[in-house]
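Each chain, written out:
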Amino acid sequence: MKLGKRYGILLAAVMLLLAGCGSAREEASDQELLLGFSQIGSESAWRIGNTKDIEEQAAAYGISLMLENANQKQENQIDAIRRFIAYKVDVIAFSPIVEEGWDNVLREAKEAGIPVILVDRDISTETEGLTTCLIGADFYAEGVMAGEYLLRKADALGLEQVNIVEITGTENSTPMRQRQAGFLDAIAGDERMHILESIDGDFLKSRGAECMRYLLETYGEDIDVVYSHNDEMTLGALPEIENAGFTPGSDMIIISIDGGQEAIDVLKSGRINCVVECTPKLGKELMETALKLQAGEPVDALIHPTEAIFTDETDPQSIGPRGY
Ligand code: AHR
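Let us now look at the overall build of the protein. Helices and strands together make up the secondary structure of the protein, namely ten helices and twelve strands. Taken against the 2.2 N^0.38 rule, which gives 20 Å for 324 residues, the C-alpha radius of gyration of the protein at 22 Å falls within 12% of a compact globule. A principal-axis box enclosing the C-alpha atoms of the protein has dimensions of 70 × 50 × 35 Å. Of the contacts made within the protein by residues no fewer than 6 positions apart, 74% connect residues no fewer than 24 positions apart. Per element, the accessible surface of the protein, about 14800 Å² overall, is 51% carbon and sulfur. Mean positive and mean negative side-chain charge positions of the protein (27 and 56 charges, respectively) differ by 8 Å.

For the rest of this paragraph, the subject is the nonpolar core. Counting residues in hydrophobic clusters, the biggest one holds 40 residues, and the most contacted among them are Leu35, Ile117, Leu150, Ile164, Ile255 and Leu286. The element contributing the most residues to this core is helix 5 (residues 139-157), with six residues. Counting residues domain by domain, this core receives three or more from each of domain 1 (32-137 + 280-303) and domain 2 (139-278). Not counting chain neighbours up to four residues away, the residues in contact with isoleucine 255 comprise Ala146, Tyr149, Leu150, Val225, Val226, Tyr227, Ser228 and Cys274.

We now examine empty space enclosed by the protein. Scanning the entire structure with this criterion turns up one cavity of 30 Å³ or more. Roughly 90 Å³ of volume is contained in the largest cavity. Of all elements in the fold, only helix 2 (45-60) and helix 6 (174-187) reach the threshold of two or more residues within the lining of the largest cavity. A class-by-class count of the residues in the lining of the largest cavity yields five nonpolar, two polar and six charged. When we break the lining of the largest cavity down by domain, the ones giving at least three residues each are domain 1 (32-137 + 280-303) and domain 2 (139-278).

According to the domain assignment, the protein contains domain 1 (32-137 + 280-303) and domain 2 (139-278). Averaged C-alpha coordinates put domain 1 and domain 2 at centres separated by 30 Å. For the pairing of domain 1 and domain 2, the buried interface totals around 1100 Å² over both sides, and the portion due to carbon and sulfur atoms is 53%. For the pair domain 1 and domain 2, the interface holds two salt bridges. When the shortest N-O distance is used, the salt bridge between glutamate 99 and arginine 177 registers 2.6 Å. For the pair domain 1 and domain 2, the interface holds eight residue pairs in polar contact (both at pLDDT 80 or more).

With respect to the helices and strands, the residue glycine 249 is situated in the loop between helix 8 (231-243) and strand 9 (253-258). Looking at glycine 249, the relative accessible area reads 19%, which means it is buried. Between the alpha carbons of glycine 249 and valine 266 there is a distance of 9.7 Å; along the sequence they are 17 residues apart. Contacts of glycine 249, omitting those with residues within four sequence positions, involve Ile254, Gly270, Arg271 and Asn273.

The next thing to look at is the pattern of salt bridges. Enumeration over the complete set of coordinates arrives at 20 salt bridges. In this structure, glutamate 142 and arginine 179 form a salt bridge, with 2.8 Å as the shortest nitrogen-oxygen distance. In this pair, glutamate 142 sits in helix 5 while arginine 179 sits in helix 6, placing the two residues 37 residues apart along the sequence. Note on glutamate 142: relative accessible area 0%, which makes it buried. Each of the salt bridges in this network shares a partner with another, and the network as a whole consists of Glu43, Arg47, Asp120 and Arg121.

So, on to unusual backbone geometry. Despite not being glycine, asparagine 172 shows a phi value in the positive range, around 70 degrees. Although it is not a glycine, phenylalanine 203 adopts a positive phi angle of roughly 65 degrees. You can see phenylalanine 203 is positioned in the loop between strand 7 (193-200) and helix 7 (205-219).

About the criteria used
Chains are numbered independently. Their residues run from 1 in the order of the written sequence. Where local features are concerned, this predicted model is filtered to residues with pLDDT of at least 70; where side-chain atom pairs are given and counted, the filter is 80 or more; whole-chain, interface and lining totals use all residues. To obtain the side-chain values, all non-hydrogen atoms of the structure were used and water was disregarded. Numbering of helices and strands runs from the N terminus, with a helix taken as a DSSP run of H or I at least four residues long and a strand as a DSSP run of E at least two residues long. Here the globule rule is a power law, 2.2 Å times the number of residues to the power 0.38, and the radius of gyration is based on C-alpha atoms. We call two residues contacting when some pair of their heavy atoms lies within 4.5 Å. Each accessible area value is a Shrake-Rupley result obtained with a 1.4 Å probe; residue values ignore everything except the protein chains displayed when judging cover. Positive: Lys, Arg. Negative: Asp, Glu. His and the chain ends are not part of the count. Charge positions are represented by NZ for Lys, CZ for Arg, CG for Asp and CD for Glu. In this description, a nonpolar core means a group of buried Ala, Val, Leu, Ile, Met, Phe, Trp, Tyr and Cys residues linked to one another through side-chain atoms lying within 4.5 Å. Each residue gets one of three labels from its accessible area relative to the maximum for its type: buried under 20%, exposed over 50%, partly exposed in between, using a 1.4 Å probe on protein chains only. Boundaries between domains were set according to an automatic or database domain assignment. Buriedness of a pocket was judged along seven lines, with at least five required to meet protein on both sides within 12 Å; pockets are open sets of points on a 1 Å grid over the protein atoms alone, cavities are sets where a 1.4 Å probe fits but cannot get out, and lining residues have an atom within 4 Å of a point. Grid points are joined across faces, edges and corners, and a volume is the space filled by probe spheres set on the points. As a working rule, the residues Ala, Val, Leu, Ile, Met, Phe, Trp, Tyr, Cys and Pro are called nonpolar, Asp, Glu, Lys and Arg charged, and the rest polar, with Gly in that last group. Take the accessible area each of two parts loses on contact, using a 1.4 Å probe, and add the two losses: that sum is the buried area. When a carboxyl oxygen of Asp or Glu is within 4 Å of a side-chain nitrogen of Lys or Arg, the pair counts as a salt bridge. Within 3.5 Å is the distance limit for a polar contact, defined as a pair of N or O atoms, with the added protein rule that one can donate a hydrogen and the other accept it, and that residues adjacent in sequence qualify only through two side-chain atoms.

Spelled out as structure tokens, the structure:
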């Protein structure tokens, strides 16, 4: 079949779908809230837990959810937002994979009169006022908590020089930028602290393993600390450390972020020293905010959940089930 013919059939199918969607939308009751949500992907246990929480909370609040998974691609998120606009959803929410590149599509949402909520991550736009609010963790505070833990640990062990490798999250994403900034600010005044290298692990387990292999080949036993921006990359890095003949948790201090069940279990086994919590449970705030926007009520511009830190400074065995 020729490409042009194939494309024509595909286009017709999309138009039929949109037409179908349109009539379904017209039949919906005026009271019903339809929320379009564009998720980044399924890169981590955190992300999967976040999607599940949003689905469960939408059901609990009686909100109809159009959920699209962008498979880690910004262009897929932009396409999804355009579909939400075409479908005339009441509220759009999305977790932006990176901070830049959203101006055009968000202007289209604004022109269509559809309020937009940022979930989990922030954006940077040239035009002000394209979104209503951000519901997500304080990533900078998470980085500070990680850095402050390291200062305490270095004191407790009496370390004179501390060589750190950092495996960062997706380049140009809010958690990557802010977890790095918070950590660097927290250790800045301490002359014992040296960053050997920061390397992009893209929040993926496979990349965490690759990065760790490279770091071990390059710096070997000079590495004192692995600061990893999420559990997934940490869990990828740990077997590499062990394969290289080191014991994580004692030969190297391991610091992670998220607090998913698997990482907490490893913390309990002593192979991770510190896990800063980042809760994926943002669904309740999202639903309540969407309902307020539908009712024309004001919403808080910034909603941060309260987060904890789990470390080997206290008995980690008492940490309860995490739920993600
Ligand atoms: O934006 C939150 C981060 O994204 C989580 O730390 C990470 O696990 C996820 O992929």
